[in-house]
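These are the residues of each chain, in order.
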Amino acid sequence: MLTMQRRIAAVALAALTALSVAGCGSSGDVKTPTPLPGASGGTLKIGISFDQPGLGLKTGETYTGFDVDTATYVAAALGVTKDKITWVEANPADRENLISGGQVDLVFSTYSITDDRKKVVDFAGPYFVAHQDLLVRRNEDSITSPQTLDGRTLCSVTGTTSSAYIKDHYKGKITLQEYPKFSDCVSALAASTVDAVSTDDVILAGFAATSQYKGKLRLIGKGFTDEQYGVGIKKGNTDLVGKVDTALKQYIADGSWKASLKENVGPSGYKIPSPPTPGS
């Protein structure tokens, strides 16, 4: 009887431990980095998305996702522990202002590196390459690419490269509805207010895999752009850019990059790509 009680207690302890780890918002196989030379600790304000399942998601006071894991790892390499990070919501249209205004030190928010953005902020990375794609309702079979959206309503998010691409290539053909957040677009699609949503495939896959939308929405799976995700940093801070690139290289080399993607994005069925080379 005592042995059985011990077994029950051990199982209960294991379950509590698993819940505790999950509550911290960390992926179990993401390693602790070797601190960079001169890592001095302190605090960091880091901008992330709050509404992107698998990438940057706030649930209560818990933050989870690949961008969160990446940011936490880089911060640790800089000598900043998780409890010294202040997470700030970085909606797409606000990112440059948050960085330039000093409201955040770093932005990890599915932030595509572009020439126009590099005029305003600096980037470390890339640390991931996504592809713009389309999300549609499950039984929609007439939408297979942007070319099949003539006369239809497409939703994207203000201030994104996805929105800019549609404006540049399909102006006058596709009616573009813009919202501040990706979750707004996906809700509109589920409610049949719009016909499709366009942004990066990894973002759309995360939404399609949630219990709320699984079986109701699907990813087309025909990416038509390359989106290199970078870490946004205040213009001119080349020292920090170099340190973040070094941390990202370690993140990829020690297997933590792949482990985080498998944990956070893999369950959606999204095929994990090969890593890019930070600093390239």
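Everything below is about the structure printed above this text.
Residues numbered from 1 in each chain as written. Predicted model: local features only at pLDDT ≥ 70, side-chain atom pairs only at ≥ 80, totals over all residues. Heavy atoms only, no water.

Q: Run through the overall build of the protein, naming residues and quoting values.
A: From N to C terminus, the protein includes 9 helices and 13 strands. Relative to the globule expectation of 19 Å for 280 residues, the C-alpha radius of gyration of the protein, 20 Å, shows essentially globular dimensions. With respect to the three principal axes, the spread of C-alpha positions in the protein is 70 × 55 × 30 Å. Out of the 280 residues in the protein, the part that is buried amounts to 45%. Each charge class in the protein was averaged separately, 29 positive and 29 negative side chains, and the resulting centres sit 5 Å apart. (Helix = DSSP H or I, 4+ residues; strand = E, 2+ residues; numbered from the N terminus. Rg over C-alpha atoms; globule rule 2.2 N^0.38 Å. Buried < 20%, exposed > 50% of the residue type's maximum accessible area, 1.4 Å probe, protein only. Lys, Arg positive; Asp, Glu negative; His and termini not counted. Charge placed at Lys NZ, Arg CZ, Asp CG, Glu CD.)

Q: Hey, could you go over the sheet that holds strand S12 (residues 217-219) for me, with residue numbers and the actual values?
A: Picture the strands of a sheet paired through backbone hydrogen bonds; they go either parallel or antiparallel. Here 5 strands make up an open sheet; going across it, the order is S10-S9-S11-S8-S12 and the pairing mixed. Bordering the open sheet on either side are strand S10 (175-179) and S12, each of which pairs with just one other strand. Here the strands of the sheet are splayed against their neighbours by 30° on average, with no regard to which way each runs. Examined bridge by bridge, strand S9 (residues 153-157) and S10 share 5 bridges and lie parallel to one another. (Pairing = 2+ DSSP bridges. Axes fitted to C-alpha atoms, helices over the stretch in contact; angles between N-to-C directions.)

Q: Quick one: what's the story with the environment of Leu-189, residue by residue and with numbers?
A: Along the polypeptide, Leu-189 turns up in helix H6 (residues 182-190). A sequence separation of 53 residues divides Leu-189 from Val-136, and the C-alpha atoms of the two residues are 7.2 Å apart. Residues in contact with Leu-189, not counting those within four places in the same chain, are Leu-135, Val-136, Arg-137, Val-194, Asp-195, Ala-196, Val-197 and Leu-217. (Contact = heavy atoms within 4.5 Å.)

Q: Pulling in residues and values, what's your account of the side chain of Asp-69?
A: Position of Asp-69 among the secondary structure elements: in helix H2 (residues 66-77). Of the side chains with opposite charge, Lys-82 lies nearest to the buried Asp-69, which makes no salt bridge, at 6.7 Å. There is a polar contact of 3.0 Å between the side chain of Asp-69 and the side chain of Asn-264. (Salt bridge = Lys/Arg side-chain N within 4 Å of Asp/Glu carboxyl O. Polar contact = N/O pair within 3.5 Å; in protein donor to acceptor, adjacent residues only side chain to side chain.)

Q: So what about helix H5 (residues 161-170)? Which residues, and what values?
A: Restricting attention to buried positions, one finds in H5 the residues Thr-161, Ser-162, Ser-163, Ile-166 and Tyr-170. In this fold, the buried residues of H5 make contact with helix H4 (115-118), strand S8 (132-137), S9, S10, strand S11 (196-200) and strand S13 (227-234). Phi turns positive, to about 85°, at Gly-172, one or two residues after H5.

Q: Help me get a handle on the sheet that holds strand S4 (residues 62-64), residues and values and all.
A: Overall, antiparallel pairing links the 3 strands, which are arranged S2-S3-S4 in an open sheet. Both edges of this open sheet fall to strand S2 (51-52) and S4, since each of them pairs with a single strand only. Where S2 lies against strand S3 (residues 56-59), 2 bridges are found, and the strand directions are antiparallel. Looking at S3, one finds that Gln-52 is bridged to Gly-56.

Q: So what about the pairing of S9? Which residues, and what values?
A: Most of S9 is tucked away, with 4 of its 5 residues classed as buried. A crossover connection joins S9 to the parallel S10 through H5; in handedness this β-α-β unit is right-handed. In this sheet, S11 lies alongside S9 in parallel orientation, the contact comprising 2 bridges. Pairing of Leu-154 across the sheet is with Ala-196, part of S11. (Right-handed = clockwise from strand over helix to strand, strands pointing away.)

Q: Describe the nonpolar core, and please don't skip the residues or the numbers.
A: Soluble globular proteins tend to bury their nonpolar side chains together. Grouped together as the largest cluster of nonpolar side chains are 56 residues, with contacts concentrated most on Ile-46, Leu-106, Phe-108, Phe-128, Val-202, Val-231 and Val-244. Filtering out sequence-adjacent residues up to four positions away, Val-244 remains in contact with Val-74, Leu-106, Ala-124, Val-231 and Ile-233. Counting residues in hydrophobic clusters, the runner-up holds 10 residues, among them Leu-134, Val-136, Ile-143 and Ile-174. (Core = buried A, V, L, I, M, F, W, Y, C linked by side-chain atoms within 4.5 Å.)

Q: Which residues make up H2, and what values do they have?
A: Taking 1.5 Å per residue as the helical rise, H2 with its 12 residues ought to reach 16 Å, and the 17 Å between its terminal C-alpha atoms agrees with that figure. By the criterion of burial, H2 is predominantly enclosed, with 11 of the 12 residues buried. Burial in H2 covers these residues: Phe-66, Asp-67, Val-68, Asp-69, Thr-70, Ala-71, Thr-72, Tyr-73, Val-74, Ala-75 and Ala-77. Of the residues trailing H2, Gly-79 is marked for its positive phi of about 95°. (Expected span 1.5 Å × (residues − 1).)

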